[in-house]
Amino acid sequence: MTLRLYDTATRSVRDFVPREAGKVGVYLCGLTLQAPPHIGHLRSGVTYDVLRRWLLAAGFEVTFIRNVTDIDDKILVKAVEQGRPFWSIAYANELILADSYRALNVLPPTYEPRATGHIPEMHELITRLIDTGHAYPATDGSGDVYFDVTSWPAYGSLSGQSPDDMQSAGDAPERGKRDPRDFALWKGAKPDEPADAYWPSPWGRGRPGWHIECSAMCWRYLGAEFDIHGGGLDLTFPHHENEIAQSQAADLPFARYWVHHGLLGIGGAKMGKSLGNALDLAYVESLGVRPVELRYYYASAHYRSLIDYSEDSLREAAVAYRRIEGFVQRAAERVGAGELGVLPAGFAAAMDDDLNTSAGLAVLHDLLRDGNSALTSGDDVTVRTVLAAVRSMLDILGVDPLDPAWTGGGRAEDLRGVVDSLIALALEQRAQARNRKDWAAADAVRDQLKQAGVVVEDTPQGPRWTIGEQD
């Protein structure tokens, strides 16, 4: 099968045909850094990481750009409220975001540009738009520059909205605009904003509007036309609509496919800091749910679907992943970790069908039953075959338990060695208690380990332990 992706621009599932054979350019709108990321933001990173892994598995050379927005109205508001430089807030949150992505085994992007590093490219795009009559400097002395929405007849095509039904862009005072729907490309300096949040420009001292930032970075790293532009469904309008208009009006063909992911909400509402319902990765871990289990939780749903977060559904996903993990660990102990195997045809078909990870996981769970039966019957040939196939599927989803990202490295590896030694000591004490038929002492050791999150399973080969719950 050919990979097929839902393209928001055409409102259809289309065969994916790259601009250049064997190569794919992807741009993902990253986080605006006014606050640390919550688990809704992190879904975005995991979604496009799975897409990237699938493209790589298909043999494509992938250039993957994920920007961060480090200058924005919201960041400047935080800077004033906290009495801190805007760049200090942005950088602190950028570090937290990077740590969260590493914890979730999200591959690092090819490049991760910051908006503030691309002011010259923004100036060049804005100048093009002014010269071709698609943008104009405000005449009120503000230093603002606006895109003229009425100059672009196709405006609204991505989101399916008619310009006649649109309200004010709301990103700048309307006094300098020809039309309330016009949006800001450049924002002149204002006395109530931080004094260091500005750059010189042909239109006066100021800073970029949000939308021009991404157009400039797409152009800089992927060229005039590229394959896939990604982001959350909430960015379709106005952000992505404005990106298309300003880029194409500047004679840049821009993105060939628009791939948007569904949001992660809570209690039927959007998750967000301003609503007081934002949950971060540390909170999830405080529930006893590991980052790999959160990643599996994301993959359990189709990327375009809404996930309405609940603690129960997260725990159910964690338990389901632990069953998979348990098979992989037992099989690897039996026959060795081996190499990744050939992907089952059903899984590949599901992934080619608009990245249908939920259908792909159904294939995995069917195969898992065969693997567990083979473990019970001692059929090591089948165990080895199933293990290789299961690990290959989990690798595409980024949740292979034997991936070094999850098994630890460096300091984590050192700590795992310490934990191994301590648990081995506890299990030795339990074995001694059992040998002298002191069942109460043996049970006490097992119960104490369980309270610490260590589950002990007695097998014909001796006791084995895992972290977390076991059904």
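Predicted model, so just to flag it, every value in this text is computed and none were measured.

1. A short note on the packing of aromatic side chains
Next, step 1: A complete count under the given rule lists 14 aromatic pairs for this structure.
Next, step 2: When the centroid spacing of 5.6 Å and the interplanar angle of 35° are considered together, the rings of Tyr111 and Tyr221 count as tilted. In this pair, Tyr111 sits in the loop between helix 3 (86-103) and helix 4 (119-131) while Tyr221 sits in helix 5 (residues 210-222), placing the two residues 110 residues apart along the sequence.
Next, step 3: Ring geometry for Phe147 against Phe183: centres 5.1 Å apart, planes inclined by 15°, an arrangement best described as stacked. Taken together, the positions of Phe147 in strand 6 (residues 145-147) and Phe183 in strand 7 (residues 183-188) put the pair 36 residues apart, joining distant regions of the chain.
Next, step 4: The structure contains a cluster of three or more aromatic residues connected by ring pairs, namely Phe16, Phe60 and Tyr257.
Next, step 5: Stacked on the ring of Tyr6, the Lys or Arg Arg304 has its end atom at 4.3 Å from the ring centre.

2. With respect to the UniProt feature "binding site: Zn(2+)" (unreviewed entry) in the chain
Next, step 1: As recorded in UniProt, the feature "binding site: Zn(2+)" (unreviewed entry) lies at Cys29, Cys214, His239 and Glu243. These annotated residues cover 215 residues of sequence, but their C-alpha atoms sit close together, with the largest distance between any two at 11.1 Å.
Next, step 2: Along the chain, the position of Cys29 falls in the loop between strand 3 (23-28) and helix 1 (39-57).
Next, step 3: Beyond its immediate sequence surroundings of up to four residues, Cys29 is in contact with Asn67, Cys214, His229, Gly230, Leu235, His239, His240 and Glu243.

3. Some points on helix 8 (residues 291-299)
Next, step 1: Extensive coverage of helix 8 is indicated by the burial of nine of its nine residues.
Next, step 2: Taken together, the buried positions of helix 8 are Pro291, Val292, Glu293, Leu294, Arg295, Tyr296, Tyr297, Tyr298 and Ala299.

4. Observations concerning the pairing of strand 9 (residues 225-232)
Along any regular strand the residues' side chains alternate between the sheet's two faces.
Next, step 1: Counted residue by residue, strand 9 has seven buried out of eight residues, so it is predominantly covered.
Next, step 2: Of the strand pairs in this sheet, strand 9 and strand 10 (residues 254-261) are connected by seven bridges, and their pairing is parallel. Residue Ile228 lies in a different strand from strand 10, and its bridge partner there is Tyr257.
Next, step 3: In terms of handedness, the path from strand 9 via helix 6 (residues 236-249) over to strand 10 forms a crossover that is right-handed.

5. Overview of the pairing of strand 2 (residues 12-15)
Next, step 1: As paired elements, strand 1 (residues 4-7) and strand 2 share four bridges and run antiparallel to each other. Across the sheet, Leu5 pairs through a bridge with Arg14, a residue of strand 2.
Next, step 2: Connecting the antiparallel pair strand 1 and strand 2 is a turn made up of four residues, with Arg11 showing a positive phi of about 55°.

Conventions used here
- Residues numbered from 1 in each chain as written.
- Predicted model: local features only at pLDDT ≥ 70, side-chain atom pairs only at ≥ 80, totals over all residues.
- Heavy atoms only, no water.
- Phe/Tyr/Trp six-rings, centres within 6.5 Å; stacked < 30°, edge-to-face > 60°.
- Helix = DSSP H or I, 4+ residues; strand = E, 2+ residues; numbered from the N terminus.
- Lys NZ or Arg CZ within 6 Å of the ring centre and 35° of its normal.
- UniProt positions renumbered as here; feature names shortened; annotations may be inferred.
- Contact = heavy atoms within 4.5 Å.
- Buried < 20%, exposed > 50% of the residue type's maximum accessible area, 1.4 Å probe, protein only.
- Pairing = 2+ DSSP bridges.
- Right-handed = clockwise from strand over helix to strand, strands pointing away.

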